[in-house]
Amino acid sequence: MWACTGARAFAALAVSIALSGCGTTTPNIQEFWGTSGNAAAMESAIAGQIACELANAINDLHDTVKGDELLESQYGYVFGWNAQTQLIFVADEQSTLNPTPSFIHPLKSSQVFTLGLTGTYKNQATRIDKIAITYKVKDFIGSKKFPCAAGRGSKGTLFVQSDLKIKEWLIAALNVTVSQGGQSEVSAHPRFASKTDAISHDIKFGILSSGGIAPTWKLVRFGTGGNPLISGQRDRSQQLILTMGPPDKADPDQLGPAAQVSSLSSQINAARLPTP
């Protein structure tokens, strides 16, 4: 009798696990309270902030070196470069069903036999949106400088509010090359004195939220465990890969070989998805 009861319980558990897989869908970039228009507004705001910070950084650098022969020789080459931005938006959703029922069978002499069952079923879906934009650095020169609206929020999205530190990165990266150039005291200099092949800025923001339901009860012949019966998790990330370098000789609108390799390696690293 007990064997039949246990078999029926196990069959019911198996059916429950199988049915829990229904409803798996492609994740939305926006949150559940928003719309696809909110996601588009967020992506546009991020792209605008990047262009704004990059323009301000380049114009500040241009204003600093303009008219100074030494500084122009050290930093002026960057104004002939291209800049490529890669925006990567990831939404990863997981749902888990983890029932842990136990069946209690009283025996003689106040003894009790308990059969515990466990099972886990997990769904995971990942969505990755990528946007690539290439600029000519010289096109930013002379543009009007204005405060960039860092952290412009959008209804239905969780937008990371932060200064992307593009100006700080650009100056620091170029200063490294200048410090290794022909006028420095080091004995070995870069292949092209006072110039670098490529520079890259990689930023990734991650937001994780999770929750679960763990109902517990104990009856005469049936009980449940303390583990969450149903749990869910949503992981979002926003990543910027900004690469600057000389243009390709065959196609001046694109990055040169060294900068392309740098950009590609960053994209490959960003493509490593979380393991279920």
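Scroll up for the structure.
A quick note: this is a predicted structure, and the numbers were derived from the prediction, not measured.

Let us look at the nonpolar core. In this structure, Leu54, Leu170 and Met244 are the most contacted members of the largest nonpolar core, which totals 37 residues. Tallying contributions element by element places helix α2 (residues 36–65) first for this core, with twelve residues. What Met244 contacts, discounting residues up to four positions off in sequence, is Leu54, Val78, Trp81, Asn82, Ala83, Val137, Trp169, Leu170, Ala198, Ile199 and Ala259.

On to the sheet that holds strand β2 (residues 101–106), then. Pairing in this open sheet of three strands is antiparallel, and the strands run β3-β2-β6 from one edge to the other. This sheet does not close on itself; its edge strands, each paired only once, are β3 (112–116) and β6 (222–224). Adjacent strand axes in the sheet meet at a mean angle of 25 degrees, parallel and antiparallel pairs treated alike. Sheet topology note: the β2/β6 ladder contains three bridges and is antiparallel. What sits directly across from Phe103, in β6, is Phe222.

Ordered by their spatial adjacency, four strands build an open sheet running β4-β1-β7-β5, and the pairing between neighbours is antiparallel. Pairing within the sheet leaves two strands with one partner each, and these edge strands are β4 (121–136) and β5 (199–213). Pairwise comparison of adjacent strand axes, ignoring direction, gives a mean angle of 10 degrees for this sheet. In this fold α2 packs onto β1 (82–97), β4 and β7 (230–245), with an angle of close to 145 degrees to the strand it touches most, β1. This element, helix α5 (residues 257–270), spans β1, β5 and β7 of the sheet and lies at about 175 degrees to β7.

Turning to the packing of aromatic side chains, a few remarks are in order. Following the criterion strictly, the structure yields two aromatic pairs and no others. Relative to Phe140, the ring of Tyr135 has its centre 5.2 Å away and its plane inclined at 50 degrees; by these criteria the two rings are tilted. The same class applies to Tyr135 as to Phe140, namely buried.

With that settled, consider unusual backbone geometry. For residues besides glycine, phi is generally negative; the peptide bonds are generally trans as well. Positioned with a positive phi, Lys165 is a non-glycine residue whose angle comes to about 60 degrees. Lys165 gets classed as partly exposed once you look at its relative accessible area, which sits at 42%.

Here the idea is simple: oppositely charged side chains can pair when their charged atoms come close. Considering all chains together, one arrives at seven salt bridges under this definition. Where Arg234 meets Glu93, a salt bridge forms, and the shortest distance between an N and an O atom there is 2.6 Å. Remark: Glu93 occurs in strand β1 and Arg234 occurs in strand β7; sequence separation between them is 141 residues. Judged by its relative accessible area of 10%, Arg234 falls in the buried class. Among the residues examined, Glu93 registers a relative accessible area of 28% and is labelled partly exposed.

Here we take up α2. Three or four residues apart is the spacing at which side chains of an α-helix point the same way, because the helix has 3.6 residues per turn. Its 30 residues give α2 an end-to-end C-alpha distance of 44 Å, which sits within 8% of 44 Å, the value for a rise of 1.5 Å per residue. Judged by how many residues are buried, α2 sits mostly within the fold: 21 of 30 residues are covered. Remark: Gly67 follows α2 within two positions and exhibits a positive phi of approximately 85 degrees.

There is a patch of nonpolar side chains on the surface, built from Ile213, Leu229 and Ile230 and spanning about 260 Å² of accessible area. Assignment of secondary structure puts Ile230 in strand β7. Overall, the relative accessible area of 44% leaves Ile230 in the partly exposed class.

A few words now on the pairing of β1. The buried fraction of β1 amounts to 14 of the 16 residues, a majority that puts the element mostly inside the structure. In terms of strand pairing, β1 meets β7 through 16 bridges, oriented antiparallel. Looking across to β7, one finds that Gln84 is bridged to Thr243.

This part is about the side chain of Ser102. The topology assignment puts Ser102 in strand β2. For Ser102, the residues in contact, after removing those within four places along its chain, are Thr114, Leu115, Gly116, Arg221, Phe222, Gly223 and Thr224.

Cut-offs applied
Residues numbered from 1 in each chain as written. Predicted model: local features only at pLDDT ≥ 70, side-chain atom pairs only at ≥ 80, totals over all residues. Heavy atoms only, no water. Core = buried A, V, L, I, M, F, W, Y, C linked by side-chain atoms within 4.5 Å. Buried < 20%, exposed > 50% of the residue type's maximum accessible area, 1.4 Å probe, protein only. Helix = DSSP H or I, 4+ residues; strand = E, 2+ residues; numbered from the N terminus. Contact = heavy atoms within 4.5 Å. Pairing = 2+ DSSP bridges. Axes fitted to C-alpha atoms, helices over the stretch in contact; angles between N-to-C directions. Phe/Tyr/Trp six-rings, centres within 6.5 Å; stacked < 30°, edge-to-face > 60°. Salt bridge = Lys/Arg side-chain N within 4 Å of Asp/Glu carboxyl O. Expected span 1.5 Å × (residues − 1). Patch = residues over 30% accessible without salt bridge, like charges linked within 9 Å, V, L, I, M, F, W, Y side chains within 5 Å. Areas by Shrake-Rupley, 256 points an atom, 1.4 Å probe, with all protein chains shown as cover.

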